[in-house]
Amino acid sequence: MPHRLDPLLSPRSVAVVGASAREGSVGQLTLAQLLGGGFAGRVFPVNPGYRELAGLPCHPDCTSLPEVADLAVFCLPNERLEAAFEEALAAGVRAATIFASGSPAQDPGLPARLKAKAQGAGVAICGPNGMGFHNFRDRVSVCGFRASPPGLEGGAVLLSHSGSVLSALSDCEERIGWSLAVSTGNELTTTLADYLDWALDRPETEVVALFMETARDPAGFAAALARADRQDVPVVALKVGRSRRSAELAVSHSGALAGDDAVYGALFERHGVIRVETLDELAATVQLLLHPRKVAAGGLATLHDSGGERGLWLDLAEQLGVPYGQPSPETIARLAARLDPGLPPTNPLDAWGTGRDSEAVFADCLAALAEDPDSALAFFCFDREGGGRLEPSYCRAALEAAKRTSKPVTLVTSRHGSGGDPLDIELTRAGLPVIDGEWWALKAAKHVLARRDRLRPAAVPALPASFAQRWKPRLALGPLSEAEALALVAEAGLPTVACRTAAGVEAALEAADALGYPVALKTARPGLAHKSDLGGVRLGLGDEAALIHAYAEMTAALGPEVLVARMAAPGVEAALGVIDDPDFGPVVMLGTGGLGIEEERDAAFLLAPFDAATAARALAGLRLGRRRAAGRGRPARDLPALAEATAALSRAAAALAGSLGSLDLNPVIVQERGCLAVDALCTGARPQPGTLP
């Protein structure tokens, strides 16, 4: 079935508007690279100043072409762009690529006009302010800047908001076989979501790499990631711009901890997106994901020619949490039979001894490690020679070992080479990738092992419709009182502290008698976000006298309305929260709580809804989850109960999507058995744009 981006990314004919004979100009480079890249369709240079260019007839404008071009590529400055674009639309072109910024300071309305014209005509635009794209599979190179032909054909897709990243990876990294590389620019009409959707239609797409600043079409982007997840196409994302969201969310601890970056983290977690931090990590991870063999069960196996570097790998693997496989007695015996005396048969393995018969020793040891039942994949780790070249005998040993195993075998060099060594390309083509840098190789291994072990989210039953019917109208009226917020989460299934409201000392005493001493006393004055900062919380009131005294002091400054709550049994303070993100929907926070929540910054974020198993996995990655057992005066904590409570909160957040605003439960006391929410703050629905507060 045709895709709406076919005329853009896989056109049958291309008009190069602003084509030129001037060496090094955008018009000359675009035409030369389109023709030189092997494009099989028809090419129409357009420039009224020429009759012929590159052996082709040159036309004065798009309306003079012998046929309607699928794609018009504009190699023009901003001041000439709009008129030429209108001519192309009049001629019936179906897609456009614009290299110019499209946003001249002297004409700030130009982007909106171009967008309106394109949308009215149903024309997809790549750009403006981008470097174009390369569809290597269909031999369509639409780039106004010098580019290198690919070293390998493959199934990797690169979608980048940065033109420089496009060049760094598609031009300078020949060990990755790209099928498509797009510099999306300012995404006037066509966003990452659209390009990703097109790539997922293509059977050659094996892995997608994203370099992104933001999602300009949040719903479409989330849908495209979900589709990639369903199709089991791995997505590797380098997301830049980790700033917090503006102060509208900072009224809650959840908002102060969250921000855009945490929301994207939750989105990526939901759809199994592998998040990386550098271009080197992105490239290494893509290389490993493109390996023709899939990782098996078990951990990493590494072979070395240096004891010192083997120690470095052990240190880095422990730091990153990359597990090593434990060799079986049979594997240890095979290794011992081939190693020189004094070399321990272990994983990771230093196999360099006297150097006698080293090529065969390396081949045998690497094969033995790879074939061990507890090895998921095997790395052969060594240093490059002078000039950044690979040692040929090591490469032969790796190729021989790879023939004896069905598991992935990869070469890893300790320092970067050029990435253009012909032997690098030859080995990669033979199914033996070469990755530079032990840190990036280990990060890549961690990612592929985590992807292997990832459990997709289970279906989560929704709360009864009556829940939303009851609470959405109330939330529309504004912030909930603490008692109301606790009632809301209790109805959703979270255990909450017993409490009562009171508007006078006698009522407070009656509430305490009913609940049982000791009690906590809190101000219920509306509009106070953080009561403890204003003296609005008193804990551990053990009798009537203490309650009367605390009530008198508190209400003198904060008014007569109070909340009386039963004191919770001691435990560890956790925090739960919800941010109703306007782009991606409700996001649940869970982590360490208490007064130091923002200083601790020990939190995870998940898109709602999710099950308790998903919450438990998130907790396992936090300091809170790693300090579960009792000891040295530290109480035990029932983290499974906290995971169940977190999942219950996620169902409430999903039911109230668009209405909740933000919600904090801090602290949630995690006890030896069970957990208990003892404090709640709910802002109510966020005002919609254009509505009165």
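Residues numbered from 1 in each chain as written. Predicted model: local features only at pLDDT ≥ 70, side-chain atom pairs only at ≥ 80, totals over all residues. Heavy atoms only, no water.

Colleague: Sorry if this is basic, but what is going on with the overall build of the protein here?
Modeller: Each helix and strand counted, the protein has 24 helices and 29 strands in total. Sorting the 693 residues of the protein into buried and exposed places 55% on the buried side. For the protein, the exposed surface amounts to about 28300 Å²; the carbon and sulfur share of it is 53%. Positive and negative side-chain charges in the protein, numbering 65 and 81 respectively, have mean positions lying 2 Å apart. (Helix = DSSP H or I, 4+ residues; strand = E, 2+ residues; numbered from the N terminus. Buried < 20%, exposed > 50% of the residue type's maximum accessible area, 1.4 Å probe, protein only. Areas by Shrake-Rupley, 256 points an atom, 1.4 Å probe, with all protein chains shown as cover. Lys, Arg positive; Asp, Glu negative; His and termini not counted. Charge placed at Lys NZ, Arg CZ, Asp CG, Glu CD.)

Colleague: Looking at this structure, I do not really get the sheet that holds strand β20 (residues 499–502). What am I missing?
Modeller: Think of a sheet as strands paired side by side through backbone hydrogen bonds, with each pair either parallel or antiparallel. Read across the sheet, four strands follow the order β20-β23-β21-β22 without closing on themselves; strand pairing throughout is antiparallel. Single-partner strands in this sheet number two, and they are β20 and β22 (537–541). On average, adjacent strands in this sheet sit at an angle of 20° to one another, irrespective of strand direction. Where β20 meets strand β23 (residues 562–566), four bridges bridge the pair, whose relative direction is antiparallel. When the sheet's bridge partners are listed, Ala502 is paired in β23 with Val562. Strands in contact with helix α19 (residues 505–515) are β20, β21 (519–523) and β23; relative to β23, the strand with the most contacts, it is inclined by about 15°. (Pairing = 2+ DSSP bridges. Axes fitted to C-alpha atoms, helices over the stretch in contact; angles between N-to-C directions. Contact = heavy atoms within 4.5 Å.)

Colleague: Honestly, empty space enclosed by the protein in this entry has me stumped. Any pointers?
Modeller: Taking a probe equal in size to a water molecule and rolling it over the atoms shows the remaining empty space. Scanning all chains against the criterion turns up three cavities of 30 Å³ or more. For the lining of the largest cavity, a count of residues per class yields five nonpolar, four polar and three charged. (1 Å grid on protein atoms, 1.4 Å probe; cavity = no way out; pocket = protein on both sides within 12 Å on 5 of 7 lines; lining within 4 Å. Points joined across faces, edges and corners; volume = space filled by probe spheres on them. Nonpolar A, V, L, I, M, F, W, Y, C, P; charged D, E, K, R; others polar.)

Colleague: How should the confidence of the model for the protein be read in this particular structure?
Modeller: Interpretation of the predicted coordinates at a detailed level should be avoided for regions scoring low in pLDDT. Looking at the protein as a whole, its pLDDT mean stands at 91, while 94% of the residues score no less than 70. Of the regions scoring below 50 in pLDDT, residues 244–258 engages in 47 contacts with residues more than four places distant in sequence or in other chains. Low pLDDT (under 50) marks residues 689–693, which in the prediction has zero contacts with non-local residues, meaning those over four places away or in another chain. (pLDDT = per-residue confidence, 0-100.)

Colleague: Explain the packing of α19 against helix α20 (residues 544–558) to me, please; I cannot follow it from the model alone.
Modeller: How two helices pack is summed up by the angle between their axes together with the distance between the axes. For the pair α19 and α20, the least separation of the axes is 10 Å and the interaxial angle reads 140°. With respect to each other, α19 and α20 are oriented oblique. α20 is crossed by α19, and the crossing has right-handed handedness. Here Val505, Ala508, Leu509, Ala512 and Asp513 of α19 come into contact with α20, specifically with Glu544, Leu547, Ile548 and Tyr551. Residues of the contact of α19 with α20, tallied by class, amount to seven nonpolar, no polar and two charged. (Parallel < 35°, antiparallel > 145°, perpendicular 65-115°, else oblique. Left-handed = near helix turned anticlockwise from the far one by under 90°.)

Colleague: Any chance you could explain the packing of aromatic side chains here in plain terms?
Modeller: Applying the stated criterion across every chain yields a total of eleven aromatic pairs. Centroid distance Phe99 to Phe145: 6.1 Å. Interplanar angle 75°. Geometry classified as edge-to-face. Taken together, the positions of Phe99 in the loop between β6 (95–98) and α4 (110–121) and Phe145 in the loop between β9 (140–142) and β10 (153–160) put the pair 46 residues apart, joining distant regions of the chain. Overall, the relative accessible area of 33% leaves Phe145 in the partly exposed class. Arranged with centres 5.2 Å apart and planes meeting at 50°, the rings of Phe362 and Phe380 form a pair that is tilted. Of this pair, Phe362 sits in helix α13 (residues 358–371) while Phe380 sits in strand β17 (residues 375–382), placing them 18 residues apart in sequence. The buried category is assigned to Phe380, whose relative accessible area is 0%. Here the aromatic residues Trp352, Phe362, Phe380, Phe382 and Tyr394 are joined through ring pairs into a cluster of three or more. Positioned above the aromatic ring of Tyr264, the side-chain terminus of Lys239 is 4.7 Å from the ring centre. (Phe/Tyr/Trp six-rings, centres within 6.5 Å; stacked < 30°, edge-to-face > 60°. Lys NZ or Arg CZ within 6 Å of the ring centre and 35° of its normal.)

Colleague: I'm lost on the nonpolar core in this one. Help?
Modeller: The nonpolar side chains of soluble globular proteins are, as a tendency, buried together. Judged by nonpolar contacts, the single largest core of 59 residues is most densely connected at Leu8, Phe133, Leu159, Phe221, Leu267, Phe268 and Phe584. Among the elements that take part in this core, helix α6 (residues 192–201) stands out by supplying seven residues, more than any other. Look past the residues within four positions of Leu8 in its chain and what remains in contact with it is Leu71, Ala95, Ala96, Thr97, Ala124, Ile125, Cys126, Phe133 and Tyr195. (Core = buried A, V, L, I, M, F, W, Y, C linked by side-chain atoms within 4.5 Å.)

Colleague: How should the sheet that holds strand β19 (residues 434–436) be read in this particular structure?
Modeller: Sheet architecture is open: five strands sit in the order β16-β15-β17-β18-β19, paired in parallel fashion. The sheet is open, and its two edges are formed by β16 (349–350) and β19, each paired on a single side. As paired strands, strand β15 (residues 299–304) and β17 are joined by six bridges and run parallel to one another. Bridged to Thr302 within β17 is Phe379.

Colleague: Just to check I follow, could you spell out the side chain of Thr413 for this structure?
Modeller: Mapped onto the secondary structure, Thr413 falls in strand β18 (residues 409–413). In terms of polar contacts, Thr413 uses its side chain to reach the side chain of Asp436, at 2.4 Å. With sequence-adjacent residues up to four places away left out, Thr413 is seen in contact with Phe382, Arg384, Leu390, Val434, Ile435, Asp436, Gly437 and Glu438. (Polar contact = N/O pair within 3.5 Å; in protein donor to acceptor, adjacent residues only side chain to side chain.)

Colleague: Help me out: how do you make sense of the pairing of β21 in this one?
Modeller: Looking along a regular strand, one sees side chains alternate from face to face of the sheet. Within β21, five of the five residues are buried, which leaves it mostly tucked inside the rest of the structure. Taking every second residue as pointing to the same face, both faces of β21 are buried, with Val519, Leu521 and Thr523 on one and Ala520 and Lys522 on the other. Alignment of β21 against β23, held across five bridges, turns out to be antiparallel. Looking across to β23, one finds that Leu521 is bridged to Val564.

Colleague: Explain helix α3 (residues 78–91) to me, please; I cannot follow it from the model alone.
Modeller: It helps to recall that an α-helix has 3.6 residues per turn; residues three or four apart then point in one direction. Under the 1.5 Å per step criterion, the end-to-end length of α3 is 20 Å for 14 residues, consistent within 8% with the ideal 20 Å. The complete set of buried residues in α3 reads Asn78, Leu81, Glu82, Ala84, Phe85, Ala88 and Ala91. Contacts from the buried residues of α3 go to β1 (13–17), β5 (71–74), β6, α4 and β7 (124–126). After α3 finishes, the residue Gly92 shows a positive phi value of roughly 95°. (Expected span 1.5 Å × (residues − 1).)

Colleague: Would you mind going over the layout of surface pockets with me for this structure?
Modeller: Quantified by volume, the largest pocket comes out at close to 1900 Å³. As for the largest pocket, its lining consists of 47 residues, of which Glu269, Arg275, Lys446, Ala450 and Gly621 are closest to the centre. Only α9 (259–270), β14 (274–275), α16 (438–453), β26 (603–607), α22 (612–620) and α23 (623–626) provide two or more residues apiece to the lining of the largest pocket. Take the lining of the largest pocket: its biggest share by element is eight residues, from α16. If you add up the space inside the second largest pocket, you get close to 690 Å³.

Colleague: In this structure, what is going on with the environment of Lys294? I would like to understand it.
Modeller: Structurally, Lys294 is set in the loop between α10 (279–289) and β15. The sequence separation of Lys294 and Ala376 amounts to 82 residues, and the corresponding C-alpha distance is 8.7 Å. With residues near it in sequence (within four places) discarded, Lys294 still touches Leu289 and Pro408.

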